[in-house]
Amino acid sequence: LKRCTFLAAAAATLLFSATSHAQYKDEYTVSTVLPSAFPWGQAADKWVELVKERSDGRINMKIYSNSQLVSGDQTKEFSAMRSGLIDMAVGSTINWSPQVPELNLFSLPFLMPDYDAIDAITQGEAGEAVFAAIKKRGVTPLAWGENGFRELSNSKLTIEEPADLDGLKIRVVGSPLFQDTFTALGANPTQMSWADAKPALTTGAVDGQENPLSVFDVARIDQVGQKYLTRWHYMADPLVFAVSNSIWDQFSAEDQELLKQAAVDAGQWEIEKSRSEIDETLAAIKDRGVEVTELTDEQRDAFVKATQSVYGEWTPRIGEDLVKQAQEAVANR
Ligand code: X2X
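The protein chain goes by DctP family TRAP transporter solute-binding subunit in an unreviewed UniProt entry, where it is assigned to Marinobacter panjinensis.

Structure follows, in structure tokens:
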């Protein structure tokens, strides 16, 4: 009888592990905004490649770029992942911030002056707190990547001080934080998806936009009349490699570790690559006749001062402790 009980228990265990882990999908969807020509798309490509290789082809992922799984509306990507319409994503903190208020941290103007500041936040306690906030809202974050420092371009004039932005129509995306930042600077911000941005720049419906140099370069934003670019480094959007919680729970512990380590490796690879390409990208942009303005510390300070009100408005929504943790990490970097 003892032996029978043992066998029954063993069979039950087998059955349980079979039902809990064996039902892998033939293919998992991975959402991105930007495709393979951009560092962002390359980060996703690398993740997919490493997972396939390390799982000997057991885990297959397919990338859907241009936010096509959410009909181009990148601010719906997080909700779609949470509800199971999308299995996985490499997404920007900007696009997920409407659903995860803590992600607005990275959009606080001039919080992060340099790469070390980004790393001090993402690799420290503040980064862990942000990951916990994402997890709590239905998505499992695995690793960080980088879209890059977002610089300001426009079709009208050289921008060196806040007054230069007066009345300029600027395309922004994500949370209302950007409305507040650009309104504080005297500009006229308009919320719009990436899919709509280039057409709006082409027709002159908007005068300017903000995006990393790599995006400006690869998307050929110079060709839609954006002749002036100011390197003000006002914020950078990290990328997050993530899996929907319901999908995550279906993987065995070993495969969870495999997915995570591959994301960490892909993220590190992409961050190093995109940072190392910045000088070359800047030179290419200048070669095309774009006027690039570098701000002096004094000029930059004027922008910092002009946007201080955003901290008052947004710190309570992001979380006092989290903002403080991040500011301390930056100060001690
Ligand atoms: O839409 C943008 O500006 C982009 C591509 O940078 C993001 O998805 C945040």
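Caption draft 1: Representation of the overall build of the protein chain in the model. On a plain count of helices and strands, the protein chain comes out with 15 helices and ten strands. On C-alpha atoms alone, the protein chain measures out to a radius of gyration of 22 Å, which is about the 20 Å that the 2.2 N^0.38 rule sets for 333 residues. Projected onto the principal axes, the alpha-carbon positions of the protein chain cover approximately 85 × 40 × 30 Å. A sequence separation of at least 24 residues applies to 77% of the contacts in the protein chain between residues at least 6 apart.

Caption draft 2: Summary view of the environment of Glu-102. On the secondary structure map, Glu-102 appears in the loop between helix 4 (93-96) and helix 5 (115-122). On the neighbour-count criterion, Glu-102 (23 C-beta atoms within 10 Å) is buried. Separated by 118 residues in sequence, Glu-102 and Arg-220 place their C-alpha atoms 32 Å apart. What Glu-102 contacts, discounting residues up to four positions off in sequence, is Val-130, Ala-133, Ile-318, Gly-319 and Leu-322.

Caption draft 3: Expanded view of the environment of Ser-97. With respect to the helices, strands and loops of the structure, Ser-97 is situated in the loop between helix 4 and helix 5. You can call Ser-97 buried: it has 26 C-beta atoms within 10 Å. Expressed as a C-alpha distance, the spacing of Ser-97 and Lys-305, which sit 208 residues apart in the sequence, is 24 Å. With residues up to four places along the chain from it excluded, the contact list for Ser-97 reads Leu-103, Asn-104, Ser-107, Gly-174 and Ser-175.

Caption draft 4: Spotlight on helix 12 (residues 278-287). Taken across its ten residues, helix 12 has one buried, putting it largely on the surface. Of the residues one or two after helix 12, Gly-289 is the one with positive phi, at around 90°.

Caption draft 5: Structural context of the site of the ligand. Around the ligand, the neighbouring residues are Val-33, Leu-34, Gln-74, Ser-92, Ile-94, Asn-95, Asn-147, Val-173, Trp-194, Asn-211, Val-215 and Asp-237. Its residues assigned to classes, the shell around the ligand shows six nonpolar, five polar and one charged.

Caption draft 6: Inspection of the packing of helix 6 (residues 125-136) against helix 15 (residues 320-331) at higher detail. Packing of helix 6 against helix 15 brings their axes to within 8 Å, and their N-to-C directions diverge by 150°. Side by side, helix 6 and helix 15 meet where Glu-125, Ala-126 and Ala-129 of the first sit next to Leu-322, Gln-325, Ala-326 and Ala-329 of the second. In terms of residue class, the contact of helix 6 with helix 15 is made up of five nonpolar, one polar and one charged.

Caption draft 7: A look at the packing of helix 7 (residues 177-184) against helix 14 (residues 309-318). Put simply, helix 7 and helix 14 touch, their axes get as near as 9 Å, and they point 165° apart. The angle between helix 7 and helix 14 places the two elements in the roughly antiparallel class. Read as a crossing pair, helix 7 and helix 14 show a hand that is right-handed. Contact with helix 7, carried on its side by Leu-177, Asp-180, Thr-181 and Ala-184, involves Ser-309, Val-310, Glu-313 and Trp-314 of helix 14 and no other residues of that element. Class assignment of the residues belonging to the contact of helix 7 with helix 14 gives a composition of four nonpolar, two polar and two charged.

Conventions and cut-offs
Residues numbered from 1 in each chain as written. Predicted model: local features only at pLDDT ≥ 70, side-chain atom pairs only at ≥ 80, totals over all residues. Helix = DSSP H or I, 4+ residues; strand = E, 2+ residues; numbered from the N terminus. Rg over C-alpha atoms; globule rule 2.2 N^0.38 Å. Contact = placed C-beta atoms within 7 Å. Buried ≥ 20, exposed ≤ 12 C-beta atoms within 10 Å, placed from the backbone. Near = placed C-beta within 6 Å. Nonpolar A, V, L, I, M, F, W, Y, C, P; charged D, E, K, R; others polar. Axes fitted to C-alpha atoms, helices over the stretch in contact; angles between N-to-C directions. Parallel < 35°, antiparallel > 145°, perpendicular 65-115°, else oblique. Left-handed = near helix turned anticlockwise from the far one by under 90°.

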